[in-house]
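Given next are the chains, with one letter for each unit.
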Amino acid sequence: HSGRMAAAMTRGAQSKGVNCYIKHVGINEQETDRPGLTTYVDEQTMREVYFRSYEYAVKEGKATGVMTAMCRIGSLPAQSNYAMMNTMIRGEWGFKGAANSDKSGADNGAANYSQRGGCDFPLGTYGGKNSVYGEWDAVNNKVLDDTLPDKPVDDIQWYAVRTSAMRMLWVAAN
């Protein structure tokens, strides 16, 4: 069973001080054109076929990190999918670690949606109007959008950034 193998490998690596990021959480159906892939699938199939191995790696292997897939699940980019990232992985499975997007994952949606959706930081980007450049700077990379003088940064955005920082510090400390 791939889930039990993933859990055993995760436990083994982490027993040597390695932080394990399991990947690609989401529906990584193909290698060609992954950033543009949109997959439509029902929840039962996702849980029984696609997410079962990841569940074992998180619950039994105590993985400290996850990397999301580049694709979209329905209309939502995987890294912005609140139901997947927060309700299922963090809530139901008890995941406490940090989550990052795959290369170009932050291009599938604005960085602030990824942050609110449960993705703590982008791995990198290919470029484009929604790209995150340089250091992971919440204001300059539009995670916290204070560009309009009459639109202050809201509490939800600050909460998302603080929560991500807390998760990344937890991984470093544990």
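Residues numbered from 1 in each chain as written. Predicted model: local features only at pLDDT ≥ 70, side-chain atom pairs only at ≥ 80, totals over all residues. Heavy atoms only, no water.

Enquirer: Help me understand the overall build of the chain in this model?
Expert: Within the chain, the regular secondary structure consists of six helices and six strands. Secondary structure elements in the chain, listed N-terminal to C-terminal, are α-β-β-α-α-β-β-β-α-β-α-α. Out of the 174 residues belonging to the chain, those deemed buried represent 46%. Put simply, of all contacts in the chain between residues at least 6 apart along the chain, 65% involve residues at least 24 apart. Taken as a whole, the chain presents about 9300 Å² of accessible surface, with 54% of it coming from carbon and sulfur. (Helix = DSSP H or I, 4+ residues; strand = E, 2+ residues; numbered from the N terminus. Buried < 20%, exposed > 50% of the residue type's maximum accessible area, 1.4 Å probe, protein only. Contact = heavy atoms within 4.5 Å. Areas by Shrake-Rupley, 256 points an atom, 1.4 Å probe, with all protein chains shown as cover.)

Enquirer: Any chance you could explain the environment of Arg52 here in plain terms?
Expert: Following the sequence through the fold, Arg52 ends up in helix 3 (residues 52-59). We classify Arg52 as partly exposed; its relative accessible area is 34%. The residues touching Arg52, leaving out its near neighbours within four places in the chain, are His1 and Arg47.

Enquirer: Please clarify how the nonpolar core should be interpreted in this entry.
Expert: Within the largest apolar cluster, 22 residues are counted, with the highest numbers of intra-cluster contacts made by Ile22, Val25, Phe51, Met84 and Ile89. Going through the elements one at a time, strand 1 (21-25), helix 3 and helix 4 (82-92) are the ones with two or more residues in this core. Here this core takes four residues from helix 4, the largest share from any one element. Contact partners of Met84, with chain neighbours within four places excluded, come to Val25, Gly26, Phe51, Thr68, Ile73, Ala78 and Ile89. (Core = buried A, V, L, I, M, F, W, Y, C linked by side-chain atoms within 4.5 Å.)

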